[in-house]
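Per-entry structural report
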Amino acid sequence: MQAPKMQDNRFGRQFGLALLVLGLISIWQEWPINLAYAFFGFGSLILILAQFAPKLLAPINKIWMGFGFLLGKVVSPIVLSLIFTVLFVPTALFMRLRGRDELKLRDRAGASFWLIREKSNIEPSSFRNQF
């Protein structure tokens, strides 16, 4: 599934404003003044192109979106692996050390893991209009 394509003029406005903000940050952090001039120059140029000739920004937009998708393919598995390792592994180890068996896999007395209900309190009418 492909993500919806961002309009070139919208991309230009956002990217140009981001470069202008980077220019302000470079002045505030006292980075080299040439860097601030470069940010302001490129930001202004992209804002002008976004306003008057947004089709010229299409190749930059395509490259930027490709970079975003590539970054998502790399970062997502790393973040999900960290969440799994930090959250679920310690919880499972703690539960195992305490002897909890939520799925009741250790007490295998019968031939099946099915639980037999003593009394069914489910009425057939409860299956109508479930949502």
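Structure report, in brief. Please read these numbers as outputs of a predicted model, since none were measured by experiment.

Each value, and the rule that gives it
- Residues numbered from 1 in each chain as written.
- Predicted model: local features only at pLDDT ≥ 70, side-chain atom pairs only at ≥ 80, totals over all residues.
- Heavy atoms only, no water.
- Salt bridge = Lys/Arg side-chain N within 4 Å of Asp/Glu carboxyl O.
- Buried < 20%, exposed > 50% of the residue type's maximum accessible area, 1.4 Å probe, protein only.
- Helix = DSSP H or I, 4+ residues; strand = E, 2+ residues; numbered from the N terminus.
- Phe/Tyr/Trp six-rings, centres within 6.5 Å; stacked < 30°, edge-to-face > 60°.
- Lys, Arg positive; Asp, Glu negative; His and termini not counted.
- Polar contact = N/O pair within 3.5 Å; in protein donor to acceptor, adjacent residues only side chain to side chain.
- Contact = heavy atoms within 4.5 Å.

Some details on the pattern of salt bridges
This structure, assessed with the given rule, holds one salt bridge. Between Glu 102 and Arg 100 there is a salt bridge whose closest N-O contact spans 2.4 Å. Given the relative accessible area of 48%, Glu 102 is considered partly exposed. A relative accessible area of 42% places Arg 100 in the partly exposed class.

Brief notes about the environment of Ile 60
Relative to the helices and strands, Ile 60 is located in helix 3 (residues 58-98). Given the relative accessible area of 36%, Ile 60 is considered partly exposed. Linking Ile 60 and Phe 11, residues 49 residues apart in sequence, is a C-alpha distance of 9.2 Å.

A few points about the packing of aromatic side chains
Aromatic ring pairs are defined here through the distance separating the ring centres and the angle between the ring planes. Counted by the stated rule, this structure contains four aromatic pairs. Judged by centre distance (5.1 Å) and plane angle (65°), the rings of Phe 15 and Trp 64 are edge-to-face. Taken together, the residues span a long stretch of sequence, with Phe 15 in helix 1 (residues 8-28) and Trp 64 in helix 3 at a distance of 49 residues. With centroids separated by 5.9 Å and ring planes inclined at 40°, the aromatic side chains of Phe 84 and Phe 88 adopt a geometry described as tilted. With Phe 84 and Phe 88 both in helix 3 and four residues apart, the pair spans about one turn of that helix.

Overview of the side chain of Asp 8
Structurally, Asp 8 is set in helix 1. No salt bridge is formed by the buried Asp 8, whose closest oppositely charged neighbour, Lys 55, lies at an N-O distance of 4.5 Å. Of note is the side chain of Asp 8, whose polar atom sits 2.9 Å from the side chain of Asn 61. Beyond its immediate chain neighbours, meaning those up to four positions away, Asp 8 contacts Pro 54, Lys 55, Leu 57, Ala 58 and Asn 61.

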